[in-house]
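Now for the letters of each chain:
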Amino acid sequence: MWLSESNGKTYFELTNNANYEGATGEWKVISADASKNLYYIQHSTLSNNYGPAYIECFYNANKDVTKISGYSTSSPSANDYGFQFYVKGAEAPETPVDPPVDPPATGDDFVLSASIKGGDEVVIYNPGHGMAIRNETDNDWYLMPETVAPADNKIAAPDASLVWTVVDNGNGTFSFAASSTAKTRS
């Protein structure tokens, strides 16, 4: 994963080489489990012999999530590759609705949502490991995870480093622009 600059915004991408033909910064959001508002985030163009590239929670030998990475696989697991979108200004339903629906927009909390659209401010959360994606990289090229504990399907007042703005690319893909606090650690 890499934070790349384009049109004055910072996006996450799978390569640090902007000249690489697969570096589009465009992602497909694919349902993994609709009853849990769980999605796979698959790169729109990058694939290899192992399968398409997805965003994953990368963990070490102790099973501690240490980074957010991109990895190619033909069979992503919900635990490592499944993400939920918490959308700013939405209101959580009293009880889960099946099928999930988008709540009406109100307030400043980030609420678990059934879908995303261009302009939404979101926290991208992996419930399998309890981690959200920060708009910050480590000394290498990985995005940093942060432990988050949603309550009642809400994330209240998250740090700006966890907030991404959804960009609808108009071709069935999305890009995720970082807040103005995006930075690369040195």
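Scope of this entry: the structure provided in the associated data block. (Residues numbered from 1 in each chain as written. Predicted model: local features only at pLDDT ≥ 70, side-chain atom pairs only at ≥ 80, totals over all residues. Heavy atoms only, no water.)

Along the backbone of the protein there are one helix and 15 strands. Counting the 186 residues in the protein, one finds 47% classified as buried. The contacts in the protein between residues at least 6 apart in sequence include a share of 55% that link residues at least 24 apart. For the protein, the accessible surface area stands at approximately 9,300 Å², while carbon and sulfur atoms represent 46% of it. (Helix = DSSP H or I, 4+ residues; strand = E, 2+ residues; numbered from the N terminus. Buried < 20%, exposed > 50% of the residue type's maximum accessible area, 1.4 Å probe, protein only. Contact = heavy atoms within 4.5 Å. Areas by Shrake-Rupley, 256 points an atom, 1.4 Å probe, with all protein chains shown as cover.)

Any pair of aromatic rings gets described here by the distance separating the centres and the angle formed by the planes. Scanning all chains against the criterion turns up five aromatic pairs. Where Tyr-40 meets Tyr-54, the ring centres are 5.9 Å apart and the plane angle is 70°; that geometry is what we call edge-to-face. You can see Tyr-40 sitting in strand E4 (residues 38–48) and its partner Tyr-54 sitting in strand E5 (residues 51–59), a full 14 residues away along the chain. Across this residue pair, the class does not change: Tyr-40 and Tyr-54 are buried. Here the aromatic rings of Tyr-86 and Tyr-125 are separated by 5.8 Å at their centres, their planes lie at 90°, and the arrangement is edge-to-face. Here Tyr-86, found in strand E7 (residues 82–90), pairs with Tyr-125, found in strand E9 (residues 121–126); they are 39 residues apart in sequence, far enough to count as distant. An aromatic cluster of at least three residues, connected via ring pairs, comprises Tyr-39, Phe-85 and Phe-176. (Phe/Tyr/Trp six-rings, centres within 6.5 Å; stacked < 30°, edge-to-face > 60°.)

If you trace the backbone, Glu-56 turns up in strand E5. For Glu-56, a relative accessible area of 8% translates into the label buried. When near neighbours in sequence (up to four residues on either side) are disregarded, Glu-56 contacts Lys-67, Ile-68, Ser-69, Tyr-71, Asp-80, Tyr-81 and Phe-83.

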